[in-house]
Amino acid sequence: MKINVPKTSQLLDNEFIFGVATAAFQIEGGAESRLPCIWDEFCEQPGRIKDGSNGLVACDHMNRWQDDIELIASLNVDAYRFSVAWGRVINADGSVNQAGMDFYGGLLDALNAKGIKAFVTLYHWDLPCYLQQQGGWLNRSIVDKFRDYADKVSKAFGDRVYSYATLNEPFCSAYLGYEAGIHAPGVQDRQAGRQVAHHLLLAHGAAMQVLQQNCPTALNGIVVNVSPCYAASDTEADKKAAQMADCYHNQWYIQPLLDGRYPDLLQQLPDAERPVIEEGDMALIAQPLDYLGINYYTRTVFAATPQGWFRDVKPTVPPLTEMGWEIYPQGLTEILLSLHQRYRLPPVYITENGAAMPDECLHGQVDDPRRVAYFEQHLLAVHAAIEQGVQIGGYFAWSLMDNFEWAEGYLKRFGIVYVDYQTQQRTLKTSGLALQHLFAQKKAHA
Ligand code: NCW
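Residues numbered from 1 in each chain as written. Predicted model: local features only at pLDDT ≥ 70, side-chain atom pairs only at ≥ 80, totals over all residues. Heavy atoms only, no water.

Description of the packing of helix H3 (residues 61–74) against helix H5 (residues 98–113)
Closest axis-to-axis distance for the H3/H5 pair is 10 Å, and the angle between their directions is 5 degrees. The orientation of H3 relative to H5 falls into the category roughly parallel. Along its contact with H3, which presents His 61, Met 62, Trp 65 and Ile 69, the element H5 presents Phe 103, Gly 106, Leu 107, Ala 110 and Leu 111. Considered class by class, the residues forming the contact of H3 with H5 number 7 nonpolar, 2 polar and no charged. (Axes fitted to C-alpha atoms, helices over the stretch in contact; angles between N-to-C directions. Helix = DSSP H or I, 4+ residues; strand = E, 2+ residues; numbered from the N terminus. Parallel < 35°, antiparallel > 145°, perpendicular 65-115°, else oblique. Contact = heavy atoms within 4.5 Å. Nonpolar A, V, L, I, M, F, W, Y, C, P; charged D, E, K, R; others polar.)

In structure tokens:
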């Protein structure tokens, strides 16, 4: 199976970056050589993870990273996006864990030797427990801790990193972790969620300053998840609900970054639910960005509640992925264009896009035509956005391989490589082969 994009498409230009992405907790394992994090604790709580699993071994990437890099290189990618586990490189007293730094150093050296650009995410949700015990993202002092972590990592990695992202999807850390309570640390408290969001954004700003100082030639930015919000019906109430949801879930993170202010919806929150914002905070958050990373998976639909708020309406009409997420590629073009019209956007990178599917490995083959179609449709959606003037520098498939899918455990497979968790054997899926071919085509074209 092939993924077809127009021959003239800028996706096939030399400068366009194709890559695959992962995150530390989801693939690394090797828990004994890092500090425990909030997800280790969360996994120990009964009922939190659908299959009762944890990230102690995951894809055993800590022991298999050299083979995994060969696998990545075989895909013909330009770049590999991965995250650093904070508790692997920094000890509880704030000093550097040299063995941990060396692990990532080896990874970076191997990638550089193969001419693969390293896109490093500093925080993909795995806050060390000792920091959580001090209040975690609810304690404003986390900003200084994160600044220091960014400083130590960027000094150790030097010029081996092509691009840094401070945070991955702050919405998930704040909303899913502190309001919906379905991600670690599993809190359900709106004020806490808004305060955590504010501290995450501040930590981003503080780390950006450090990154621009230490690595002025790297592409430094942040990764946010966006989902265009649709109204469940044509009623004014539902349309307003969708707008509010957009402000609360999407613009809440993007507007402070790009405009230095929160959406007006902030004013509508009761006093007790508003975050504490100090003088100078918004300026720190709105540091100039070299790029904005966008993760896109689906659209979301909202209806009004009798209290004048919004509630999400779960999709029931196919096509849905295994996550129950609607397959809605045009939403990617739409959200990119709406952001382009609304803000002065820095260059955009699609830092994640992909789908969980019910994959099976039969006779050494994993046939996933629906994922192939998903990638093709979403790449065409990116192409359409480029045609309409959005500057997009690259696209990363989520994920390199099946992995620990947070609250879903190992039940949901997002990989373009199948992982047999009994044997840790990796098998390239049909989608992996299709992307491998497309990426080779781009290289030949360039
Ligand atoms: S859960 C999630 N993901 C998946 C995860 O594997 C990855 O680490 C993340 O970067 C795939 O990509 C991201 N994102 C959560 C999206 C929000 C869904 C819930 C919305 C409820 C209103």
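Let's talk about unusual backbone geometry
Looking along the chain, the bond that leaves Ala 184 and enters Pro 185 is cis, with omega of 10 degrees. Inspection of the secondary structure assignment puts Pro 185 in the loop between helix H8 (170–178) and helix H9 (190–214). Even without glycine at this site, Gln 424 takes up a positive phi of about 60 degrees. Secondary-structure assignment places Gln 424 in the loop between strand S12 (417–420) and strand S13 (425–428). Exposure remark for Gln 424: the relative accessible area of 8% places this residue in the buried category. (Buried < 20%, exposed > 50% of the residue type's maximum accessible area, 1.4 Å probe, protein only.)

Description of the nonpolar core
By size, the foremost hydrophobic cluster in this structure holds 139 residues, and its most contacted members are Trp 39, Trp 86 and Trp 137. Here the element with the most residues in this core is H9; it accounts for 12 residues. Dropping the residues within four chain positions of it, Trp 137 is found in contact with Trp 86, Tyr 123, Leu 127, Ile 142, Phe 146, Leu 167, Tyr 178, Gln 195, Val 196, His 199, Leu 200 and Ala 203. (Core = buried A, V, L, I, M, F, W, Y, C linked by side-chain atoms within 4.5 Å.)

Re the pattern of salt bridges
Under the definition given, this model contains 28 salt bridges. In this structure, the salt-bridge partner of Arg 194 is Glu 179, at a minimum N-O distance of 2.9 Å. Of this pair, Arg 194 sits in helix H9 while Glu 179 sits in the loop between H8 and H9; the two residues are 15 residues apart in sequence, bridging distant segments of the chain. Just as Arg 194 is buried, Glu 179 falls in that class too. Here the salt bridges do not stand alone but share partners, grouping Asp 359, Asp 368, Arg 371, Asp 402, Arg 413 and Lys 429 into one network. (Salt bridge = Lys/Arg side-chain N within 4 Å of Asp/Glu carboxyl O.)

Some points on the environment of Ala 286
Note on placement: Ala 286 falls in the loop between helix H12 (281–285) and strand S7 (291–295). Excluding residues that lie within four positions of it along the chain, Ala 286 makes contacts with Pro 256, Leu 257 and Gly 260.

Section: the packing of aromatic side chains
Across all of its chains, the model carries 41 aromatic pairs by this definition. On the numbers, 6.4 Å between centres and 10 degrees between planes, the contact of Phe 82 with Tyr 104 is stacked. Here the residue Phe 82 occupies a position in strand S2 (residues 79–83), and Tyr 104 occupies one in helix H5, the gap between them amounting to 22 residues. In this structure Tyr 104 comes out as buried when scored by relative accessible area, which is 1%. (Phe/Tyr/Trp six-rings, centres within 6.5 Å; stacked < 30°, edge-to-face > 60°.)

Some remarks on the sheet that holds strand S8 (residues 300–304)
As a general point, the strands of a sheet are linked pairwise by backbone hydrogen bonds and lie either parallel or antiparallel. Strands sit in the order S6-S8-S9 across an open sheet of 3 strands; the sheet is mixed. Each edge of the open sheet carries a strand with a single partner, namely strand S6 (229–231) and strand S9 (310–312). Between one strand and the next, the sheet's axes are offset by a mean angle of 40 degrees, whatever the strand orientation. Where S8 and S9 come together, 3 bridges link them in antiparallel fashion. Across the sheet, Ala 304 pairs through a bridge with Phe 310, a residue of S9. Where helix H10 (residues 236–259) meets the sheet, it contacts S6, S8 and S9, and its direction lies at approximately 125 degrees from that of S8. (Pairing = 2+ DSSP bridges.)

Some details on the packing of H8 against H9
Here H8 crosses H9 at 160 degrees, and the two axes come no closer than 8 Å. Relative to H9, H8 is oriented roughly antiparallel. Note on packing geometry: the crossing formed by H8 with H9 is right-handed. Contacts between H8 and H9 involve Pro 170, Ser 173, Ala 174, Tyr 175 and Tyr 178 from the first element and Ala 192, Gly 193, Arg 194, Val 196, Ala 197 and Leu 200 from the second. Its residues assigned to classes, the contact of H8 with H9 comprises 8 nonpolar, 2 polar and 1 charged. (Left-handed = near helix turned anticlockwise from the far one by under 90°.)

Digging into the pairing of S7
Burial of S7 is extensive: 5 of the 5 residues sit out of reach of the surface. A two-sided burial pattern is seen for S7, the buried positions comprising Tyr 291, Gly 293 and Asn 295 on one face and Leu 292 and Ile 294 on the other. By the bridge criterion, 5 bridges tie strand S5 (residues 219–225) to S7 in an arrangement that is parallel. When the bridges of S7 are listed, Val 223 appears paired with Gly 293. Note that S7 and strand S10 (residues 348–352) share 4 bridges and pair parallel. When the bridges of S10 are listed, Gly 293 appears paired with Tyr 349.

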